[in-house]
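# Structure assessment
The lines below spell out each chain.
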Protein chains: 2
Amino acid sequence: MPRERVTLRDVARLAGVHPGTASRALNAATRSLVNSETAQRVLEAALTLDFRPNPVARSLKTRRSDTVGVLIPDLTNPLFPPIVRGIEDHLAARGYVALIGNTDNDDQREMRVFEGMRSRQVDGFILATARRRHPLLLRAAEDELAVVLVNRVVDSHAFPSASVDDARGSGLAVAHLAGLGHRRLAHLGGPQALSTGVGRYQGFLAGMETAGLEVDPALVAFADGFSQQEGARRCRDLLRVSPRCTAVVVANDLLALGCYAALAEAGLRCPEDVSIVGFNDMPFIDRVHPPLTSVAFSHYRIGAEAARLVLERIADRHAPVTATFLQPELVVRQSTAPPPRGG
Amino acid sequence: MPRERVTLRDVARLAGVHPGTASRALNAATRSLVNSETAQRVLEAALTLDFRPNPVARSLKTRRSDTVGVLIPDLTNPLFPPIVRGIEDHLAARGYVALIGNTDNDDQREMRVFEGMRSRQVDGFILATARRRHPLLLRAAEDELAVVLVNRVVDSHAFPSASVDDARGSGLAVAHLAGLGHRRLAHLGGPQALSTGVGRYQGFLAGMETAGLEVDPALVAFADGFSQQEGARRCRDLLRVSPRCTAVVVANDLLALGCYAALAEAGLRCPEDVSIVGFNDMPFIDRVHPPLTSVAFSHYRIGAEAARLVLERIADRHAPVTATFLQPELVVRQSTAPPPRGG
């Protein structure tokens with residue numbers, strides 16, 4: 001039997017304030033407009049009366065739902081759970097909830113999920129799906145939606161973003177390998193339609209230049225996607241080039257796992273014959289054989305940062321656009337060693 | 001510049017039907033009440049006019065939001081992403097979206113997230129957080145909410161659920177080890193407040209009885225949670241018991257990874273000295289060293305099944321309660337071998 005509904009008016013009466021003031025005090029986004037003692041009194045009154053705001057009714061009136069839509073390519077890619085967790089933690093602490101949609105990098109599916117969320121009047125979007133040029137984003141820009149990018153960025157700087165300094169990450173990998181004495185380095189890159197693919201490739205080139213090493217174009221290959229299968233396929237191609245590379249700077253850990261498979265097929269050992277460096281330091285990559293040397297950064301933190309940026313954007317659609325780049329570090333494990341003699 | 005809003009009335013007029021009929025045809029849950037040709041005509045008219053239903057307005061009227069709340073302990077536990085993916089895929093294909101909340105097995109946080117979703121008028125809940133006795137569920141039952149359990153079940157049979165046959169899974173592990181010649185088997189169990197902990201323990205006991213082996217109570221330990229740390233801690237205790245066990249049936253892969261650490265500390269090899277069997281066959285567990293023998297089932301499928309059940313429940317709150325148990329299988333890898341001589 002539902003009890004009689006407590007209204008905003010009841011809360012305002014108990015707190016001794018105008019209902020408009022009570023409303024502002026009860027909404028996290030507008031609370032700062034109210035004197036802090038008053039806000040506290042209203043919140044206490046709401047607690048006393050067990051008042052529950054009805055966000056659906058409020059969203060009709062204010063066109064806000066305290067909900068953020070999150071689009072990711074695929075939650076079962078181990079990269080994304082910590083990002084989503086960071087987003088959800090940050091939002092939950094501020095009374096927001098996250099709607100989650102997987103797109104499988106399929107434009108049709110992405111558009112469907114996006115429109116489905118939009119029609120539920122989400123206040124903003126966090127996209128982990130951005131390509132460097134992305135029709136969905138053009139549409140979002142035209143409609144002045146609050147959109148923040150996470151992990152990836154786009155060519156234009158129209159959207160706030162939270163990601164890692166991809167170029168620096170690959171640069172660290174090259175510096176580590178050059179320091180071990182490698183001279184013949186290959187790059188197994190990601191798709192060049194994605195900022196992560198481009199940034200990590202550019203970092204490889206810059207790192208090689210800094211180390212005074214020459215890039216052999218035959219030793220650069222790009223995967224069509226970040227998967228183990230693509231890693232194995234492209235690594236097989238790289239291993240056919242003579243003289244053989246002694247190390248591969250790989251744009252992603254899943255690709256690196258594919259390299260392990262290609263090396264095993266070719267009867268080559270890692271790291272004795274070929275060193276491998278991955279990117280992302282994904283969960284459990286320290287437990288594979290050999291434990292992978294990888295470029296690490298906190299995926300949880302870029303998630304939390306993206307959530308912070310989207311709330312900032314929701315509060316002020318015309319705030320300056322911020323791009324946050326986390327600084328990565330290299331975690332050295334057992335997949336890298338000096339090159340073989342004569343290598 | 002937003003164009004003028006297309007209304008339900010416009011769609012009904014173009015399709016030549018009553019607005020009530022158009023409304024029913026446009027809602028997936030009520031579409032079957034309309035003649036299928038009529039439904040198709042209405043949907044085509046809606047496409048032609050680019051009509052977008054406003055779920056927020058509709059949810060105020062119907063108190064439905066075409067949204068399902070999903071509560072999980074922690075998305076960064078590798079078990080849950082495939083479950084959530086299965087849920088989201090099934091829901092998305094039917095026009096529903098998923099709200100995600102992490103609870104960290106913290107009652108306070110769970111209640112906050114639950115209430116936050118409820119106030120957004122979600123149509124139902126899928127909980128991966130159930131303990132065998134769970135206050136939140138009592139409350140949900142009183143309020144006649146559509147609630148479905150995934151992965152875990154509760155002692156009462158009041159809620160539909162999708163999970164694996166836990167007891168059979170452990171039974172398969174015991175049968176495998178007994179077949180290899182092991183006689184002194186240990187069980188590293190999960191928390192006994194969770195159905196997964198109890199079911200896997202009961203399956204161990206039943207499997208031992210079937211194999212004609214005796215259970216040494218000193219060789220049974222229960223972890224406080226499903227973590228690597230707990231696995232290492234409890235496995236250390238088990239290894240102190242003399243004579244030593246030659247195999248451990250472990251209730252979860254993360255616990256099993258903890259066992260690997262404890263074995264290494266004690267200077268013991270897996271599988272030469274002690275065999276280990278895990279449970280869940282989590283992603284990348286085939287890449288650890290040694291690749292883990294584990295009880296496998298499709299987490300994606302129990303997610304999809306839970307989504308199916310919750311939509312069934314939303315459509316009819318008084319439908320009979322269904323509990324689906326997937327049959328697991330054992331994936332044998334390199335963490336199990338015959339016992340050492342004299343073992």
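This text gives an overview of the structure that appears in the document. (Residues numbered from 1 in each chain as written. Chains lettered and ligands numbered in written order. Predicted model: local features only at pLDDT ≥ 70, side-chain atom pairs only at ≥ 80, totals over all residues. Heavy atoms only, no water.)

### Brief notes about the overall build of chain A
Counting secondary structure elements, chain A contains twelve helices and twelve strands. Counting over 343 residues, chain A shows a buried share of 57%. In chain A, 72% of the contacts between residues at least 6 apart in sequence involve partners at least 24 apart. Total accessible area computed for chain A in this model is approximately 14,800 Å², and 51% of it derives from carbon and sulfur atoms. (Helix = DSSP H or I, 4+ residues; strand = E, 2+ residues; numbered from the N terminus. Buried < 20%, exposed > 50% of the residue type's maximum accessible area, 1.4 Å probe, protein only. Contact = heavy atoms within 4.5 Å. Areas by Shrake-Rupley, 256 points an atom, 1.4 Å probe, with all protein chains shown as cover.)

### Re the interface of chain B and chain A
Reports of interface size often rely on the accessible area that becomes lost once the parts have come together. Facing 47 residues of chain B, the contacting portion of chain A comprises 47 residues. Roughly 3,900 Å² of surface becomes buried between chain B and chain A when both sides are summed, with 57% attributable to carbon and sulfur atoms. Its largest share of buried area at the contact with chain A, chain B owes to B:Arg85, B:Arg120 and B:Arg287, together 19% of the area lost on that side. Here chain B and chain A share eight salt bridges between them. The shortest N-O distance in the salt bridge between A:Asp74 and B:Arg85 comes to 2.9 Å. There are 22 residue pairs in polar contact (both at pLDDT 80 or more) connecting chain B and chain A. Of all the secondary structure elements, the ones that give two or more residues to the side of chain B that touches chain A are helix H4 (55-62), helix H5 (80-92), strand E2 (97-102), helix H6 (107-119) and helix H11 (253-265) of chain B. Taken together, the residues of the side of chain B that touches chain A break down into 23 nonpolar, twelve polar and twelve charged. (Buried area = accessible area lost by both parts, 1.4 Å probe. Salt bridge = Lys/Arg side-chain N within 4 Å of Asp/Glu carboxyl O. Polar contact = N/O pair within 3.5 Å; in protein donor to acceptor, adjacent residues only side chain to side chain. Nonpolar A, V, L, I, M, F, W, Y, C, P; charged D, E, K, R; others polar.)

### Some words on the sheet that holds strand E3 (residues 124-127) of chain B
Taken in spatial order, the twelve strands make up an open sheet running E11(A)-E5(A)-E4(A)-E3(A)-E1(A)-E2(A)-E2(B)-E1(B)-E3(B)-E4(B)-E5(B)-E11(B), and their pairing is mixed. The outermost strands of the open sheet, each flanked by one partner alone, are strand E11 (323-326) of chain A together with strand E11 (323-326) of chain B. Averaged over all pairs of adjacent strands, the angle between their axes in this sheet comes to 20 degrees, without regard to strand direction. Relative to strand E2 (residues 97-102) of chain A, strand E1 (residues 67-72) of chain A is paired through six bridges, and the arrangement is parallel. Paired with A:Val70 across the two strands is A:Ile100, which belongs to E2(A). (Pairing = 2+ DSSP bridges. Axes fitted to C-alpha atoms, helices over the stretch in contact; angles between N-to-C directions.)

### Notes on empty space enclosed by the protein
All names here are of chain A. Within this structure, the stated rule accounts for three cavities of 30 Å³ or more. Empty space within the second largest cavity amounts to approximately 40 Å³. Forming the walls of the second largest cavity are Gly-169, Ser-170, Ala-173, His-187, Arg-200, Val-249, Val-250, Ala-251, Val-277, Gly-278, Phe-279 and Val-295. Those elements giving two or more residues to the lining of the second largest cavity turn out to be helix H8 (166-179), strand E8 (247-250) and strand E9 (275-280). Classifying every residue of the lining of the second largest cavity gives seven nonpolar, four polar and one charged. (1 Å grid on protein atoms, 1.4 Å probe; cavity = no way out; pocket = protein on both sides within 12 Å on 5 of 7 lines; lining within 4 Å. Points joined across faces, edges and corners; volume = space filled by probe spheres on them.)

### What about the relation of the copies chain B and chain A?
With an RMSD of 0.1 Å, chain B superimposes on chain A once it is rotated by 180 degrees and translated 0.0 Å along the axis. As the rotation angle and translation indicate, the two copies are arranged about a two-fold axis. (Least-squares fit on C-alpha atoms with pLDDT ≥ 70 in both.)

### Looking at the pattern of salt bridges
Residue and element names in this part refer to chain B. A full pass over the atoms with the stated rule returns 44 salt bridges over all chains. Here Asp-155 ties to Arg-133 by a salt bridge, and the two come within 3.4 Å at their closest N and O atoms. Placement of Asp-155 in the loop between strand E4 (146-150) and strand E5 (161-164) and of Arg-133 in the loop between E3 and helix H7 (135-142) is noted, with a sequence separation of 22 residues between them. Here Asp-155 falls in the partly exposed class, since its relative accessible area comes to 37%.

### Here's the deal with the sheet that holds strand E9 (residues 275-279) of chain B
Residues and elements named next belong to chain B. The mixed open sheet is built from six strands, whose spatial order is E7-E6-E8-E9-E10-E12. Here the strands that pair on one side only, and so sit at the sheet edges, are strand E7 (220-222) and strand E12 (329-331). Ignoring strand direction, the axes of neighbouring strands in this sheet form an average angle of 20 degrees. Inspection of the sheet shows strand E10 (residues 293-296) paired to E12 by three bridges, in the antiparallel sense. The residue bridging Val-295 from the neighbouring strand is Leu-330, located in E12. Across the sheet, helix H9 (residues 195-210) lies against strand E6 (185-189), E7, strand E8 (247-250) and E9, angled at about 165 degrees from E6, the strand it touches most.

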